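The lines below spell out each chain.
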Amino acid sequence: MQTPLATPVPVLRLPRGPDGFSRGFAPGGRRAPLKPGPPAAQEPAEPREQRARAALRERYLRSLLAMVGRQVSFTLHEGVRVAARFGAADLDIANLYVSQLQTPIGVQAEALLRCSDVIAYTFQP
């Protein structure tokens, strides 16, 4: 038996643009792209901080991508150092999946490291 099709979602039609042919918003309206503004030195601190945070997050995510399949050394709390082959991170980047984890008391085939326990990590690209 086939399941009935769900009711389609209504389509929102945008108003005609200022030229009469396109649909969208006026070029000088609230949602228009920002024009080049003052130099970065006079820019408010909030957008600069937001861009800096975005750049740091992108670098962090790229480093996680570069670590996949590589041997990584982790520094944990209390100065504990472990090494493992990096596998993946979960969606929230709260846990790191590693294999062949070399700890001071032996080797673990597979493990999850909590990111809150990791102080630093290094790897050779």
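Look above for the structure.
The sections below set out a description of the structure shown in this document. Per chain, residue numbering runs from 1 following the sequence as it is written. Reporting in this predicted model follows two pLDDT cut-offs: at least 70 for local features of residues, and 80 or more for side-chain atom pairs to be given and counted; totals over whole chains, interfaces and linings ignore these cut-offs and use all residues. As a rule here, side-chain values cover all heavy atoms of the structure and leave hydrogens and water aside.

1. Some details on the overall build of the protein chain
Stated formally: Where helices and strands are cited, they refer to DSSP runs of H or I of at least four residues and of E of at least two residues respectively, numbered from the N terminus. To be clear on the numbers: accessible area is Shrake-Rupley with a 1.4 Å probe, and residue cover counts the displayed protein chains and nothing else.
Scanning the protein chain from terminus to terminus reveals one helix and five strands. Accessible surface, the protein chain as shown: approximately 10,600 Å² in total, 58% of it carbon and sulfur.

2. Describing the packing of aromatic side chains
One pair of aromatic rings is described through two measures. These are the centre distance and the angle between the planes. Counted only if it meets this: Any two rings among Phe, Tyr and Trp, with Trp reduced to its six-membered ring, count as a pair given centres within 6.5 Å; such a pair is stacked if its planes are under 30 degrees apart, edge-to-face if over 60, and tilted if neither. Classification of residues uses two cut-offs on accessible area relative to the type maximum, computed with a 1.4 Å probe and protein chains only: under 20% is buried, over 50% is exposed, and between them is partly exposed.
Counted by the stated rule, this structure contains one aromatic pair. Here the aromatic rings of Phe74 and Tyr121 are separated by 6.5 Å at their centres, their planes lie at 50°, and the arrangement is tilted. With Phe74 in strand β1 (residues 71-76) and Tyr121 in strand β5 (residues 118-123), this residue pair connects regions lying 47 residues apart in the sequence. Residue classification places Tyr121 among the partly exposed positions, given a relative accessible area of 24%.

3. Notes on the pairing of strand β2 (residues 81-89)
Inclusion rule: At least two DSSP bridges between two strands are required for those strands to pair.
Taken together, the five bridges between β1 and β2 define a ladder with antiparallel strand orientation. By the bridge assignment for β2, Gln71 is matched with Arg85. What sits between β1 and β2 in their antiparallel hairpin is a turn of four residues, with Glu78 showing a positive phi close to 65°.

4. Brief notes about the nonpolar core
For clarity, the threshold we go by: We define a nonpolar core as any set of buried Ala, Val, Leu, Ile, Met, Phe, Trp, Tyr and Cys residues linked to one another through side-chain atoms lying within 4.5 Å. By the convention used here, residues are in contact when the closest approach between their heavy atoms is within 4.5 Å.
Core analysis: the biggest nonpolar cluster contains 16 residues, and Phe74, Phe86, Leu96, Val98 and Leu101 have the highest contact counts within it. Elements with a contribution of two residues or more to this core: α1 (45-67), β1, β2, β3 (95-103), β4 (106-114) and β5. Setting aside residues no more than four positions away along its own chain, Leu101 makes contact with Val82, Ala83, Ala84, Gly106, Val107, Gln108, Ala111 and Leu113.

5. Considerations on α1
Note the threshold: Working rule for helices: expected span equals 1.5 Å times residues minus one.
Compared with an ideal rise of 1.5 Å per residue, which puts 23 residues at 33 Å, α1 spans 33 Å between its outermost C-alpha atoms and is within 8% of the ideal. Buried within α1 we find Ser63, Leu64 and Met67. Buried residues along α1 sit in contact with β1, β2, β3 and β5.

6. Some remarks on the sheet that holds β5
This is how the line gets drawn: Axes here refer to lines fitted to C-alpha atoms; in helices the fit is confined to the stretch in contact. Angles between the N-to-C directions go from 0 to 180 degrees.
Across the sheet, five strands lie side by side as β4-β3-β2-β1-β5; this open sheet has antiparallel pairing. Of all the strands in the sheet, just β4 and β5 have a single pairing partner and so form its edges. In this sheet, neighbouring strand axes are inclined to one another by 35° on average, regardless of whether the strands run parallel or antiparallel. In this structure, β2 lies alongside β3, joined through five bridges in antiparallel fashion. Bridged to Arg85 within β3 is Ser99. On the sheet, α1 packs against β1, β2, β3 and β5 and is oriented at approximately 55° with respect to β5.

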